[in-house]
Amino acid sequence: MYKTLCVAIMFMAMGLLFADNAFAGTEENPIWQNKLNEYASQENVKSLIFVKCTGGSNAKVSLYKKENNSFINTFNYDAFIGKNGLGKEKEGDSKSPEGDFGIIQAFGIKANPGTSINYLNVTKDHYCCDEDCQYYNKIIDAKAVNHKCKGEHIIDYVPQYNYGFFLDYNKEGVYPKGSAIFFHVKGKRPYTAGCIAVDEEAMITILNEIDSNTRICIYKAN
């Protein structure tokens, strides 16, 4: 009787474990599985983007959508990250940040492709400030705030900033921790200055599949 009871308890425990994985989605690597588990119970988080850095400036981007209380891997894309890989520490180090980030806003030189995220239509007056001032790591209308910005003149970056969104890395604007960490369209080079880049078609799909509560998780693949 005791042996039978122990076996029954063991199978119940296994059932709970499998049920949890079925609810959250499945990933072989514990880093990614933990993120699926963490956000499975958070009702407002309905999508996740995993940026799996595979070495150098190369990465794989996986989009997870929550359907019927389960995260489903719906899209996978090749991507580029910073020229010097992961581990951003300061302005100009050409590294992408590692961690779990939210979205500040979407933006683009081209018109909103249909995203529900607050979308900024870029003009010649928009910059992302990389100077030690009150606007550090913010997208500003330099004319409107009367600031002679020397930062990234967003409209100059075609096709990179045709579409994109702004991650909340260093949202406090601490200089010189790093600025202008975007998720955007690939350019001609097989790396970025610290952003995450995918093909334009993929960028449009991602924008239309996510919302302002989506989490962007950036870590080494293994």
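Residues numbered from 1 in each chain as written. Predicted model: local features only at pLDDT ≥ 70, side-chain atom pairs only at ≥ 80, totals over all residues. Heavy atoms only, no water.

Draft legend 1. Layout of the packing of aromatic side chains. Enumeration according to the criterion identifies 12 aromatic pairs in this entry. Measuring from ring centre to ring centre gives 6.0 Å for Phe 75 and Tyr 77, while their planes differ by 10 degrees; the resulting arrangement is stacked. Judged by relative accessible area, Tyr 77 falls into the buried class, the value being 18%. Where Tyr 161 meets Phe 182, the ring centres are 5.3 Å apart and the plane angle is 80 degrees; that geometry is what we call edge-to-face. Taken as a pair, Tyr 161 in the loop between strand S9 (152–153) and strand S10 (164–167) and Phe 182 in strand S11 (residues 182–185) lie far apart in primary sequence, 21 residues in all. Residue classification places Tyr 161 among the buried positions, given a relative accessible area of 3%. Grouped by ring-pair contacts, the aromatic residues Phe 107, Tyr 157, Tyr 161, Phe 166 and Phe 182 constitute a single cluster. Directly above the aromatic system of Trp 32 lies the positively charged group of Lys 52, at a separation of 5.7 Å from the ring centroid. (Phe/Tyr/Trp six-rings, centres within 6.5 Å; stacked < 30°, edge-to-face > 60°. Buried < 20%, exposed > 50% of the residue type's maximum accessible area, 1.4 Å probe, protein only. Helix = DSSP H or I, 4+ residues; strand = E, 2+ residues; numbered from the N terminus. Lys NZ or Arg CZ within 6 Å of the ring centre and 35° of its normal.)

Draft legend 2. Representation of the side chain of His 184. With respect to the element layout, His 184 can be found in strand S11. In contact with His 184, not counting residues within four places along its chain, are Gln 160, Tyr 161, Tyr 163, Gly 164, Thr 192, Cys 195, Ile 196, Ala 197, Val 198 and Met 203. (Contact = heavy atoms within 4.5 Å.)

Draft legend 3. Main features of the sheet that holds strand S8 (residues 139–141). With antiparallel pairing, 3 strands are arranged side by side in an open sheet as S8-S7-S9. Only two strands of the sheet have a single neighbouring strand rather than two, namely S8 and S9. Here strand S7 (residues 126–128) runs beside S9; their pairing, made up of 2 bridges, is antiparallel. For Cys 128, the partnering residue across the bridge sits in S9 and is Glu 152. (Pairing = 2+ DSSP bridges.)

Draft legend 4. Structural detail: the nonpolar core. Counting 31 residues, the largest nonpolar core has Ile 49, Val 51, Val 61, Phe 165 and Phe 183 as the members making the most contacts within it. The element best represented in this core is helix H4 (residues 200–209), accounting for 4 residues. (Core = buried A, V, L, I, M, F, W, Y, C linked by side-chain atoms within 4.5 Å.)

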